[in-house]
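Okay, here's what each chain looks like letter by letter:
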Amino acid sequence: MPTDTKQDFDAELVTLGLECPLPVLKARKRLGEMPEGAVLCLVCDDPLSAIDVPFFCSEAGHELLSTVTTGPEMRYRIRKRG
């Protein structure tokens, strides 16, 4: 089972149990608090995040580094634009 290690990201945001649009809204807020180039690991289980997170990254200019799905859980590594 693939797992992220601390070297893979600077901050983790767990939004398990939250539905669209809350995971993306919380990710936007957390990324706003992070320095440019930092990596956020967003953990969620909302199936719509498979659409919402890539769209959010594209629109906001952030880089979606990876998506790992393990059962219902999805982990997105997002590099803040800059």
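Above this text is the structure in question.
The structure contained in this document is the topic of the report that follows. Predicted model, so just to flag it, every value in this text is computed and none were measured.

### Considerations on the environment of Leu25
Here's step 1: With respect to the helices and strands, the residue Leu25 is situated in helix H1 (residues 22–33).
Here's step 2: Spatially, the C-alpha atom of Leu25 lies 18 Å from that of Glu73, the residues being 48 residues apart in sequence.

### A closer look at the sheet that holds strand S1 (residues 11–14)
Here's step 1: Overall, mixed pairing links the 4 strands, which are arranged S1-S2-S4-S3 in an open sheet. For this open sheet the edge positions go to S1 and strand S3 (63–70), each flanked by a neighbour on one side alone. Across this sheet, the average inter-strand angle for adjacent strands is 15°, counted without regard to direction.
Here's step 2: When S3 meets strand S4 (residues 73–79), the two strands line up antiparallel, connected through 7 bridges. Each bridged residue has a counterpart across the sheet, and for Leu64 the counterpart in S4 is Ile78.
Here's step 3: Of the strands in this sheet, S1, strand S2 (39–44) and S4 are in contact with H1, which crosses S2 at around 160°.
Here's step 4: Taken strand by strand, helix H2 (residues 49–60) contacts S2, S3 and S4, and its axis lies near 0° from that of S4.

### Considering the nonpolar core
Here's step 1: Leu40, Leu42, Val53, Tyr76 and Ile78 are the most contacted members of the largest nonpolar core, which has 17 residues in total.
Here's step 2: At the level of elements, S1, H1, S2, H2 and S4 are the ones that each hand at least two residues to this core.
Here's step 3: Take this core: its biggest share by element is 4 residues, from H2.
Here's step 4: Residues in contact with Tyr76, not counting those within four places in the same chain, are Leu40, Cys41, Leu42, Cys44, Ser49, Ala50, Val53, Leu64, Ser66 and Thr67.

### Focus: the state of the cysteines
Here's step 1: Taken as a whole, this structure holds 0 disulfides when the rule is applied.
Here's step 2: Looking at the unpaired Cys20, the closest cysteine sulfur is the one in Cys44, lying at 10 Å.
Here's step 3: Of the residues examined, Cys20 reaches a relative accessible area of 37% and is grouped as partly exposed.
Here's step 4: No disulfide involves Cys41; its nearest neighbouring cysteine sulfur is the one of Cys44, lying 9.4 Å away.
Here's step 5: Judged by relative accessible area, Cys41 falls into the buried class, the value being 0%.

### What about the pattern of salt bridges?
Here's step 1: Considering all chains together, one arrives at 4 salt bridges under this definition.
Here's step 2: Among the ionic pairs, Glu73 bridges to Arg75, the shortest N-O distance being 3.7 Å.
Here's step 3: Judged by relative accessible area, which is 14%, Arg75 ranks as buried.
Here's step 4: One continuous salt-bridge network, built from bridges that share partners, spans Glu12, Glu73 and Arg75.

About the thresholds
Residues numbered from 1 in each chain as written. Predicted model: local features only at pLDDT ≥ 70, side-chain atom pairs only at ≥ 80, totals over all residues. Heavy atoms only, no water. Helix = DSSP H or I, 4+ residues; strand = E, 2+ residues; numbered from the N terminus. Pairing = 2+ DSSP bridges. Axes fitted to C-alpha atoms, helices over the stretch in contact; angles between N-to-C directions. Contact = heavy atoms within 4.5 Å. Core = buried A, V, L, I, M, F, W, Y, C linked by side-chain atoms within 4.5 Å. Buried < 20%, exposed > 50% of the residue type's maximum accessible area, 1.4 Å probe, protein only. Disulfide = S-S within 2.5 Å. Salt bridge = Lys/Arg side-chain N within 4 Å of Asp/Glu carboxyl O.

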